[in-house]
Each structure stands twice: as structure tokens, then as C-alpha cells.
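What the coordinates show
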Amino acid sequence: MSLKEKKNKLLSPLSLRTALASAIFITLIFTATVHVIGEISWLQLIWLAVVLFVTSSLIVYTVTNRLHKERLKHLNTIVKNMTRKKFGDYDNDLPESSDELDLLIQRTVKASDSVNKELSRLNKIENYRKEFIGDISHELKTPIFAIQGFVETLLNGAIHDENVNELFLKKTMRNVNRLIFLTNDLMEISRLETGEMKSNIKDMYLRDVILDVVESLQYKGQKEDIEIRVKDFDKNIQIKGDRNQIKQILTNLIENGMKYNKPGGYVEIGITDFKKSKEKLLLYVKDTGIGIDKNDLNRVTERFFRVDKSRSRDKGGTGLGLAIVKHIVEAHGEKLLIESQPELGSTFSITLTRSNPVLV
Ligand SMILES: Nc1ncnc2c1ncn2[C@@H]1O[C@H](COP(=O)(O)OP(=O)(O)OP(=O)(O)O)[C@@H](O)[C@H]1O
Ligand SMILES: [Mg+2]
């Protein structure tokens with residue numbers, strides 16, 4: 001603590017200045033009045049002035065110091081903590097706004113909150129960046145090494161071997177495609193996780209979106225011998241959502257339903273009431289696939305998590321689909337519910353808010 005700070009701690013310069021200014025003013029007015037109206041000698045007048053000056057400065061100093069001291073101390077603590085990157089919860093002892101000092105305290109508390117939030121946001125981004133880079137390098141290794149292996153073999157002579165050259169090129173292409181999917185998903189998830197991608201939530205008809213997505217995936221379903229069914233529902237149902245993002249959720253969930261299914265199985269999309277709230281509904285995607293073990297259920301939405309890495313990879317999976325779904329659902333303020341029974345199938349449901357809520 002500097003000498004100046006020590007001195008300030010003993011004596012409040014703010015109260016002292018106020019006291020001196022007020023005492024001078026009071027002494028001048030009072031002694032002048034007494035001089036004009038009273039018969040008083042110069043010596044008495046000087047004594048009166050001295051006594052007046054001392055007592056009024058003492059009174060004013062004590063009163064102003066009392067009024068400011070605690071609040072200034074409080075303000076000082078907040079600012080000091082802020083400089084040390086310590087952020088307390090000051091909301092409880094926030095003074096009611098009555099003068100400039102209270103207002104200043106309130107503003108400082110607000111500033112401290114903003115700085116705290118900003119620092120946490122930056123820390124989150126920093127941690128996320130580190131983790132992300134680790135995950136990415138891990139995920140990139142597999143396709144890159146595979147491509148390197150095939151190309152090297154081709155260059156070493158296999159290119160002239162008609163039995164393998166086309167096969168190796170096709171495998172190389174498959175890995176290149178995997179890298180492309182991975183890059184797209186990574187870009188999307190990074191924008192979602194850093195909050196760069198905002199949801200544009202509007203009233204929208206659910207039926208159009210479902211039919212759109214189902215139509216685009218129908219061909220893939222036929223190829224894999226999986227039927228995609230849409231359970232009949234009221235075509236006028238409207239919800240609050242970002243059309244493209246809801247489409248993305250449905251695409252990811254239906255693709256998973258097909259990918260982790262058994263030949264001859266089906267994926268069903270439908271809507272049911274959400275029992276816990278009349279204002280919400282449940283959009284579900286149910287499949288007759290391999291299901292998910294209870295121990296893995298909580299982890300499937302983690303990025304890059306795959307129950308069976310080789311099966312998922314064979315089907316071009318990067319383990320980002322459900323992480324993307326979860327982020328979008330959360331950005332909508334909704335919930336993702338997963339139920340599954342190994343060997344029987346899984347149901348992924350999301351809550352959605354009706355834009356014309358049913359009131360009872
Ligand atoms: N409907 C499902 N049935 C069984 N397992 C599933 C289902 N959906 C997801 N999973 C499991 O959860 C894991 C994570 O799914 P996610 O969609 O995030 O990744 P992915 O399908 O492997 O890759 P992609 O990024 O291409 O979607 C999958 O690898 C799979 O093991
Ligand atoms: Mg997926």
C-alpha cells in the first residue's frame with residue numbers, strides 16, 4: 001500500500017474537502033451576520049470564527065464520512081476484486097438507488113458481472129479450442145493415413161495391377177469423402193459451440209419440413225432396405241423453430257435410424273403430446289435398429305463418441321451428428337430425450353414449442 005493510500009485510509013480526503021468547504025462557508029456567513037447585527041469586539045469575533053470553523057468542520061466531516069465510508073469501502077472492494085479477476089455475487093448487498101454513489105456502485109457491480117461473463121466466455125472458448133484441436137487431429141489421422149497408404153501402394157506399382165488399382169482408388173475416394181464430411185461437420189459444430197451460429201426462430205409448419213427431409217432420404221432408405229414411415233398427424237401443427245436447423249436435426253436422426261438399423265427394419269417419424277407441458281409437443285424418430293446400451297446412452301451426444309467405432313466409420317460416421325442435434329435443440333431452449341433398448345431399437349425425441357399453444 002502506498003503512503004498516499006495509507007493516508008487516505010486514515011482520513012477521507014473526500015469528506016475532509018467537503019467539511020473544509022462547508023466550514024468556511026458556515027463560518028463566513030455566521031460571523032458576518034453576528035458582526036452586522038451584534039455588538040461584538042474583533043477579538044470575540046475571531047474566537048467565534050475559530051470555534052465555528054473547528055466545530056462545523058468536525059460535524060460535517062463526521063457526517064459525510066459516515067455517509068460515504070461504507071459505500072466507498074464497498075466500491076473499493078468490488079474494483080479491487082475486479083482487478084484481481086475475482087468476481088463475487090454482490091447483488092444481495094446492492095444499495096437501493098438514492099444518490100450518485102449508490103448509482104456508481106450499481107454500475108460497478110454491473111461492470112463486474114459483464115467482465116466476469118466475458119472472461120468465462122473467453123475461457124470456455126480457449127478450453128474448447130484446445131480440446132477441439134486434440135479431437136480433430138485424432139479424427140483426421142485415420143482417413144489421412146489411409147489415403148497415404150493407398151496412394152503410396154499405387155505409386156509403388158499397384159497402379160499397373162488391374163486387380164487392385166481401381167479398388168484402391170475407390171477406397172482413397174471414400175476416405176477423401178470422409179474428410180469432406182468431417183470438415184463440414186466440424187465447421188458446423190464449431191460455429192454452434194462458440195455461439196457464432198444463431199437460430200433464426202420463427203413460426204413454422206412442421207409437416208412440410210418432415211416431408212421434405214423424408215423425401216430426400218427415401219432413396220437411401222430403399223437402397224438399404226429400411227422403410228421410412230411418417231405417422232399421420234395434424235398438418236396444421238405449427239411450432240417455433242429455425243427451419244433449416246429443424247431440418248438438420250431430422251436428417252441426422254433419420255440417418256442414424258437407418259444407419260444403425262437392421263435390413264428390413266423401419267424408421268418412424270411422428271408427433272405426440274408432451275405430457276409435462278401443454279405448450280410443447282414431442283417430435284420423435286423411432287427405429288427398429290441395434291439399440292444403444294444403457295451405459296452409452298448419456299455419451300452418444302458427446303462429440304466424436306461412437307458406440308462401435310468401426311461400424312460407424314464404415315458407414316461414413318464422424319460421431320458429430322448427435323452433438324450437432326443436441327446443440328441445436330439447446331439453442332432452441334428445448335430438450336433431447338433418448339430411449340433405447342439394445343437389439344430392439346431406439347427413440348430420439350425432441351420437445352418443440354407450439355406456436356399456437358393449447359390453453360386449458
Ligand atoms: N438410432 C441409433 N441406434 C443405435 N445407435 C445409435 C443411433 N444413433 C446414434 N447411435 C450411436 O451413437 C453414436 C453417435 O451418433 P452420431 O450421430 O453423433 O455419430 P455418427 O452417426 O457415428 O456419425 P455422423 O457424424 O455421421 O452422424 C453412433 O456412432 C452410434 O454408435
Ligand atoms: Mg449420425
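How each quantity is defined
- The residue numbers shown here count from 1 along each chain, following its written sequence.
- Each chain takes a letter, starting from A, and each ligand takes a number, starting from 1, following the order in which they are written.
- Residues qualify for local features only when their pLDDT is at least 70, as the model is predicted, and side-chain atom pairs are given and counted only at 80 or more; totals for whole chains, interfaces and linings, by contrast, use all residues.
- Note that the domain bounds reflect an automated or database-derived domain assignment.
- Whether a residue is near a molecule or strand depends on its C-beta atom, placed from the backbone, lying within 6 Å of it.
- Here a helix means four or more residues in a row that DSSP labels H or I, a strand means two or more in a row labelled E, and each is numbered from the N terminus.
- Three classes are used, and their members are as follows: Ala, Val, Leu, Ile, Met, Phe, Trp, Tyr, Cys and Pro are nonpolar, Asp, Glu, Lys and Arg are charged, and the others, Gly among them, are polar.
- Axis definition: a line fitted to C-alpha atoms, over the contacting stretch in the case of helices. Angles run 0 to 180 degrees between N-to-C directions.
- Each crossing gets its handedness from the near helix: less than a right angle anticlockwise from the far helix is left-handed, clockwise is right-handed.
- Note on contacts: each residue gets a C-beta atom placed from the backbone, and two residues are in contact if those atoms are within 7 Å.

By domain assignment, the protein chain separates into domain 1 (3-86), domain 2 (130-193) and domain 3 (202-353). The straight-line distance from the C-alpha centre of domain 1 to that of domain 3 is 73 Å.

A few words now on the site of ligand 1. Close to ligand 1 lie 25 residues; Arg306, Val307, Gly317, Gly321 and Leu322 are nearest. At four residues, the largest contribution of residues to the shell around ligand 1 is made by helix 7 (residues 243-259). In terms of residue class, the shell around ligand 1 is made up of nine nonpolar, 11 polar and five charged.

Here we come to the packing of helix 2 (residues 13-37) against helix 3 (residues 42-83). It is at 7 Å that the axes of helix 2 and helix 3 come closest, and there the two elements cross at 145 degrees. For the crossing formed where helix 2 meets helix 3, the hand is right-handed.

Okay, the packing of helix 6 (residues 206-223) against helix 7 next. Packing of helix 6 against helix 7 brings their axes to within 10 Å, and their N-to-C directions diverge by 35 degrees. Relative to helix 7, the crossing made by helix 6 is right-handed. Where helix 6 approaches helix 7, its residues Val209, Ile210, Asp212, Val213, Leu217, Lys220 and Gly221 are matched on the opposing element by Arg243, Ile246, Lys247, Leu250, Thr251, Ile254, Glu255 and Met258.

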